[in-house]
Structures are given as structure tokens and as C-alpha cells.
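Per-entry structural report
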Amino acid sequence: MSEIISSRANPKVKDTALLSKNPTSERFLIEGFHMVEMAFSAGCLDEVFATKNPGFSGVKTTLVTNEIIKKISVSKNPEPVLGIAHLPQNKPLGRRILVLDRVQDPGNVGTLIRTAIAFGFEDVMFLPGTCSPLNSKAIASTQGALFVANLVICESAEIGFEALRLSGAPVIGTALQGAQDLDSLTISPERGIALVLGNEGRGISQWVRERCECLVRIPMANIESLNVGVAGGILMHHFRRTYH
């Protein structure tokens, strides 16, 4: 450890505090021991700020006061350890892909990344209009899963769908109207699957809808729809059992 910082006016403190507003895939802020530990295990942890040495060997660690932790953190009651991390390098798309089309709530985005990893959807594609996975609330909601996932952020829907075409996975969209019940869907497991989830209020876009091989809905009674995070969990669990 090369520094001990106690001044809120320290340039390094000010620069780090801005990361929550200006994150990039190469440099963003993470909070809490569990999140920092996940980043360390994935080889994505670049620097640590803590009130005492957390023991991440080989990672630059700066000791700071609790006041500095509060200055940098976006949490009301932060844990006494923060980190600066980067995303893992992108990999080719695999056989199970989650595609997010204009999902806007950061809590939903983070939850879906975490759920995707739990059910074997290691590739998560972000079409334009979707909340960034580097939003501070989204990061927290992943509980570290963003360091395991292959996050593919697309500049355009066309680029995303070209990548899906090259992967060979059939694109299955979700909709309330004009869709078949999930239980009746029959596709070859060997082809894999790209599951598209849409905006919380409007669903998938018409452009995306027209490019899906088929549309599915979750059979349910008494209510019309589910939260996209809940729906995504049900769908991914189904496809985990069916397409493995």
C-alpha cells in the first residue's frame, strides 16, 4: 500500500467519486466486499479503497477513512471497501443468449444478468435503449454476476441481430399477443436459443418482433403480465431444463 488518504479534497478521491456518473467498461466503481471479491476472482479488480487492508494480493490498495468511503460511494450506508474494476473481455456468443431490448429499469437489468448466469445464459446482449449494465444500481443488483457474464453492448439492433444470425441460435421473442404458450414450444435443443425480453411497459419493438423465429408467452391466470425480471427468470429456468 502506497497511500493513506483522509482529505475529501484529494484529487484521487474526487476522480474516483465521479466514476459512478461516468463509468466505462474499462473503469467503473464497485462497492462492498462481496462485489470486490467477485471482481478479484475474475481478474477484473484494478484498485481497492478500504478502511483496512482487505487482503487482495497484487491489487493496489489505498487506505482511507470512513468519510472518504462515504464521499466516493453512492450508497447511504456503504461497506468500508470499494473497488475500481473493468469488465471481462468479450467472448464469441455461445448457445444460450439473453437479449435485452429497451429494458430500462437498472434493478431489472442487474437482476436479469444475475439470473442469466444462474440458469446458464452466459451471454447477455444489450440492444440500444436498454439501461447500461454499468449503472450503479444495475451493478449492485448483479451481485457480482457481471464479472462472470459475457456482456455484449450493441451500437445498433442490426449489429446485434447479425451476431445472433452468425451464432446460429434461433431468436425467441416474448409477447402477450400473437404468441404461443411456452409449454407448446418445440425447437431443436442442439440449435441453442436467443431469448429476447422487452421493455417493461411496451415489450419488444416491432423491428425486433419481425425478426424473431417465434414468439412465446408464459401461461398464467388472473393477471395480464409479470415484471420483466420475474418473467425472465421463469423463461430462463424453462430453457435451462429443456435446452442444455
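Residues numbered from 1 in each chain as written. Predicted model: local features only at pLDDT ≥ 70, side-chain atom pairs only at ≥ 80, totals over all residues. Heavy atoms only, no water.

**Re the side chain of R96**
If you trace the backbone, R96 turns up in strand β6 (residues 96-101). Buried charge without a partner: R96 forms no salt bridge, and the closest opposite charge is E122, 7.5 Å away. Within the structure, the side chain of R96 is placed 3.4 Å from the backbone oxygen of G120, a separation counted as a polar contact. (Helix = DSSP H or I, 4+ residues; strand = E, 2+ residues; numbered from the N terminus. Buried < 20%, exposed > 50% of the residue type's maximum accessible area, 1.4 Å probe, protein only. Lys, Arg positive; Asp, Glu negative; His and termini not counted. Salt bridge = Lys/Arg side-chain N within 4 Å of Asp/Glu carboxyl O. Polar contact = N/O pair within 3.5 Å; in protein donor to acceptor, adjacent residues only side chain to side chain.)

**Describing the pattern of salt bridges**
Per the counting criterion, the structure on display carries seven salt bridges. A salt bridge links K12 to E47; the nearest nitrogen and oxygen atoms lie 2.6 Å apart. Residue K12 is located in helix α1 (residues 11-17), and its partner E47 is located in strand β3 (residues 45-50); the two are separated by 35 residues in the primary sequence. Between D181 and R217 there is a salt bridge whose closest N-O contact spans 2.9 Å. With D181 in strand β10 (residues 180-181) and R217 in strand β12 (residues 214-217), this residue pair connects regions lying 36 residues apart in the sequence.

**Some words on a nonpolar patch on the surface**
A cluster of nonpolar side chains, contributed by L176, M220 and I223, occupies part of the molecular surface with about 260 Å² of accessible area. For M220, the location among the structural elements is in the loop between β12 and α8 (228-242). Classification of M220 by relative accessible area gives partly exposed; the value is 34%. (Patch = residues over 30% accessible without salt bridge, like charges linked within 9 Å, V, L, I, M, F, W, Y side chains within 5 Å. Areas by Shrake-Rupley, 256 points an atom, 1.4 Å probe, with all protein chains shown as cover.)

**Section: the sheet that holds strand β9 (residues 171-174)**
Strand pairs in the sheet, formed through backbone hydrogen bonds, run parallel or antiparallel to each other. Ordered by their spatial adjacency, seven strands build an open sheet running β8-β7-β6-β11-β9-β12-β10, and the pairing between neighbours is parallel. Of all strands in the sheet, those with a lone pairing partner are β8 (150-153) and β10, marking the two edges. Of the pairings in the sheet, the one linking β9 to strand β11 (residues 193-198) comprises three bridges and is parallel in character. Bridging from a neighbouring strand, V171 pairs with A194 of β11. Strands in contact with helix α4 (residues 106-118) are β6, β7 (123-126), β8 and β11; relative to β7, the strand with the most contacts, it is inclined by about 155 degrees. (Pairing = 2+ DSSP bridges. Contact = heavy atoms within 4.5 Å. Axes fitted to C-alpha atoms, helices over the stretch in contact; angles between N-to-C directions.)

**Regarding the nonpolar core**
Core analysis: the biggest nonpolar cluster contains 48 residues, and F28, I30, L98, L146 and F147 have the highest contact counts within it. Top contributing element to this core by residue count: α8, with five residues. Excluding its chain neighbours within four sequence positions, the residues that come into contact with F147 are F28, I30, M35, M38, A39, A42, C44, A85, H86 and P88. (Core = buried A, V, L, I, M, F, W, Y, C linked by side-chain atoms within 4.5 Å.)

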